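# Results of the structural survey
Each chain, letter by letter, is given below.
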Amino acid sequence: MNSVIEEFKNMFSFENVKWDAVIEATYETIYMTVIATIAAFIIGLIFGIILFLSNKSENVPSKPLYGTTSFIVNLFRAIPFIILIILLMPFTKAIMGTVMGSNGALPALIIGAAPFYARLVEIGLKEIDKGVIEAAESMGANTWTIIWKVLIPESLPALISGITVTSIMLVGSTAIAGVIGAGGLGNLAYMVGFTRNQPDVTLVATVVILIIVFVIQILGDFFSKRVDKR
């Protein structure tokens, strides 16, 4: 019982917490999350639109396109993130010059998140009223016009909700990446808090991660409601 009480005292003592290190780790986590979210949004949106249009189309060439795109998306979604980081190390080294630090984690974060968001985009596009799309087609709108004037505007609330979920997932992924040297709050919690038996550091890192997640969710809900026409 005394040992348990002692552990709680150590956790809430904060005597081992170096706040400058916490601030730096927080910046690294936000940096990785923001860059990876932007890239995942762009790539995922492209793949999601391709999935929707190629599955919707009755043209014979569209079926192999859908099958190939769907296979790529499912493949990278199925690989556990920690394994994906290891598999991509040669690729990461080639394009980033390093596999360590915040920049070294970006390729795995982006490649892991983009397929996930692509499926959310496809689901969001499927929720659009078919009559709206058919009306645009009957007026002679080409594919690009339909994408920019119909698909994206009509599915915007779902797209924002999807990128919110993806961004929150990325915060968790940065914590996992931190365990193998990517920096950020995950690295601080593991390399300092866990390996040095400093539970107060782990607690602070966890609380900051939770704050980041809550802020992302609040912002995502706010903007999703703002653009919702219903």
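Throughout what follows, the structure given in this document is the object of discussion.

Calculation rules
- Residues numbered from 1 in each chain as written.
- Predicted model: local features only at pLDDT ≥ 70, side-chain atom pairs only at ≥ 80, totals over all residues.
- Heavy atoms only, no water.
- Helix = DSSP H or I, 4+ residues; strand = E, 2+ residues; numbered from the N terminus.
- Contact = heavy atoms within 4.5 Å.
- Expected span 1.5 Å × (residues − 1).
- Buried < 20%, exposed > 50% of the residue type's maximum accessible area, 1.4 Å probe, protein only.
- Axes fitted to C-alpha atoms, helices over the stretch in contact; angles between N-to-C directions.
- Parallel < 35°, antiparallel > 145°, perpendicular 65-115°, else oblique.
- Left-handed = near helix turned anticlockwise from the far one by under 90°.
- Nonpolar A, V, L, I, M, F, W, Y, C, P; charged D, E, K, R; others polar.
- Core = buried A, V, L, I, M, F, W, Y, C linked by side-chain atoms within 4.5 Å.

For Ser70, the position within the fold is in helix α3 (residues 62-78). Apart from the residues lying within four places of it in its own chain, the contact partners of Ser70 are Leu51 and Arg119.

Along its 29 residues, helix α10 (residues 199-227) runs 42 Å from first to last C-alpha, staying within 8% of the 42 Å computed at 1.5 Å per residue. Of all the residues in α10, the buried ones are Pro199, Asp200, Val201, Val204, Ala205, Val208, Ile209, Ile212, Val213, Ile216, Gly220 and Ser224.

Before going further, it helps to spend a moment on the packing of helix α2 (residues 19-56) against helix α8 (residues 143-179). Contact geometry for α2 and α8: axes closest at 8 Å, N-to-C directions at 140°. Between α2 and α8, the angle falls in the class oblique. Between α2 and α8 lies a crossing whose hand is right-handed. Across from Thr29, Met32, Thr33, Ala36, Thr37, Phe41, Leu45, Ile49, Phe52 and Leu53 in α2, the residues of α8 making contact are Thr143, Ile147, Leu151, Ile152, Leu159, Ile163, Ser167, Leu170, Val171 and Thr174. For the contact of α2 with α8, a count of residues per class yields 14 nonpolar, six polar and no charged.

Moving on: the nonpolar core. One recurring pattern in soluble globular proteins is that nonpolar side chains are buried together. Core analysis: the largest hydrophobic core is formed by 18 residues, its most contacted members being Met32, Phe81, Ala105, Leu109 and Ala177. Those elements giving two or more residues to this core turn out to be α2, α4 (81-87), α6 (101-126) and α8. For this core, the element with the most residues is α6, which contributes seven residues. Those residues within four positions of Met32 in sequence are excluded, and the remaining contacts are Ser102, Ala105, Leu106, Leu109, Thr174, Ala182, Gly183 and Gly184.

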